[in-house]
Amino acid sequence: MFELSLAQMEKVVRYFSIGIWGKKAIIPGTDWCVECIACWIRRYCLKYKVDMILALAQGVVECHFGVNPAAVRSRKTKNIYNVGNVDSGANETQISWEAGIERYCKLMSREYNRQEEAGGYVSLASMVKHDFTRPRGGRFASAPGYTKLVEQLGWRIRKLVESD
């Protein structure tokens, strides 16, 4: 697993949220801040053994951590990863951004962990290898290019944090 410091996490969240969207970014309420999102992602990735690069890349793909102007659904449900927000239109609203991040990490640990492949962690490499499918079947996202997009973002994130 690729472990990042809190400062590196903040750098990534800032770059791919406010840095990308600038003045168009929609800050989703008073309980959202770069430092908080970075801290919560790091905390729950460590607790549930989820690759931090994977979680960051998915946070970007899903909604740029909630600030993408088009990410109305993610903001409405406080659900950066859209866990339970399915194609049928059903939504799973979280009580806080932190709860949504923990919900995602729990799901990844419980449903996508292939213990033998990544030393007990849910890794980006394993998720890519298995096209974001669960060992028991079912896929994290229905978008056709999802796996490739998350993989590419994972590499961009690594380059960004290694440039320090």
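Residues numbered from 1 in each chain as written. Predicted model: local features only at pLDDT ≥ 70, side-chain atom pairs only at ≥ 80, totals over all residues. Heavy atoms only, no water.

## Description of the overall build of the protein chain
Across its full length, the protein chain holds eight helices and zero strands. Secondary structure elements of the protein chain, listed N to C terminal, follow the sequence α-α-α-α-α-α-α-α. For a compact globule of 164 residues, the expected C-alpha radius of gyration is about 15 Å, and the protein chain comes in at 15 Å, within 12% of that figure. For the protein chain, the spread of C-alpha atoms along the three principal axes comes to 45 × 40 × 30 Å. Expressed as a percentage of its 164 residues, the buried residues of the protein chain come to 48%. Here the analysis covers contacts within the protein chain between residues at least 6 apart in sequence; of these, 59% occur between residues at least 24 apart. When the 24 positive and 17 negative side-chain charges of the protein chain are each reduced to one mean point, those points stand 4 Å apart. (Helix = DSSP H or I, 4+ residues; strand = E, 2+ residues; numbered from the N terminus. Rg over C-alpha atoms; globule rule 2.2 N^0.38 Å. Buried < 20%, exposed > 50% of the residue type's maximum accessible area, 1.4 Å probe, protein only. Contact = heavy atoms within 4.5 Å. Lys, Arg positive; Asp, Glu negative; His and termini not counted. Charge placed at Lys NZ, Arg CZ, Asp CG, Glu CD.)

## Examining the environment of F140
Tracing the backbone through its elements, the reader meets F140 in the loop between α7 (124–129) and α8 (146–162). Residues F140 and F16, spaced 124 residues apart in sequence, show a C-alpha to C-alpha distance of 21 Å. Excluding anything up to four places from it in sequence, F140 contacts Q58, E62, Y81, Y104, L107, M108, Y112, F132 and Y146.

## Observations concerning the packing of aromatic side chains
Inspection of the entire model under this criterion finds seven aromatic pairs. For the ring pair Y81 and Y104, a centre distance of 3.6 Å and an interplane angle of 10° mean the geometry is stacked. Pair noted here: Y81 is in the loop between α4 (72–77) and α5 (97–111) and Y104 is in helix α5, with a separation of 23 residues, a long-range link. Note on Y81: relative accessible area 1%, which makes it buried. Assessed through its relative accessible area of 0%, Y104 is described here as buried. Through a chain of ring-to-ring contacts, the aromatic side chains of Y81, Y104, Y112, F132, F140 and Y146 assemble into a single cluster. If you follow K49 out to its NZ or CZ, it ends over the ring of Y121, 5.9 Å from the centre. (Phe/Tyr/Trp six-rings, centres within 6.5 Å; stacked < 30°, edge-to-face > 60°. Lys NZ or Arg CZ within 6 Å of the ring centre and 35° of its normal.)

## Describing the packing of helix α2 (residues 34–48) against α5
It is the contact of α2 with α5, at a shortest axis distance of 9 Å, that shows an interaxial angle of 25°. As the angle between them shows, α2 and α5 are arranged roughly parallel. For the pair α2 and α5, the sense of crossing is right-handed. Every residue of α5 that contacts α2 at I37, W40, I41, R43, Y44, C45, K47 and Y48 is listed here: W97, E98, I101, E102, C105, K106 and S109. (Axes fitted to C-alpha atoms, helices over the stretch in contact; angles between N-to-C directions. Parallel < 35°, antiparallel > 145°, perpendicular 65-115°, else oblique. Left-handed = near helix turned anticlockwise from the far one by under 90°.)

## Here's the deal with unusual backbone geometry
Leaving glycine aside, a negative phi is the common case for residues, and trans is the common case for peptide bonds. The backbone of H64 shows a phi angle near 55°, a positive value even though the residue is not glycine. The class of H64 is buried, set by a relative accessible area of 15%. Unusually for a residue other than glycine, D131 sits at a positive phi of about 50°. You can see D131 is positioned in the loop between α7 and α8. We classify D131 as partly exposed; its relative accessible area is 35%.

## Thoughts on the nonpolar core
Formed by 50 residues in total, the largest nonpolar core has its most connected members in I37, I41, L54, F65, Y104 and F140. Secondary-structure elements contributing two or more residues to this core are α1 (6–21), α2, α3 (52–63), α5, α7 and α8. With near-sequence residues (within four places) excluded, F65 lies in contact with V12, V13, F16, S17, W32, I37, I41, L56, G59, V60 and I80. (Core = buried A, V, L, I, M, F, W, Y, C linked by side-chain atoms within 4.5 Å.)

## Things to note about α5
Every α-helical turn comprises 3.6 residues, leaving residues that sit three or four positions apart pointing alike. The terminal C-alpha atoms of α5 lie 21 Å apart, and with 15 residues this matches the ideal 21 Å at 1.5 Å per residue to within 8%. Every buried residue of α5 is listed here: W97, G100, I101, E102, Y104, C105, L107, M108 and E111. (Expected span 1.5 Å × (residues − 1).)

Geometric values such as these leave the question of function open.
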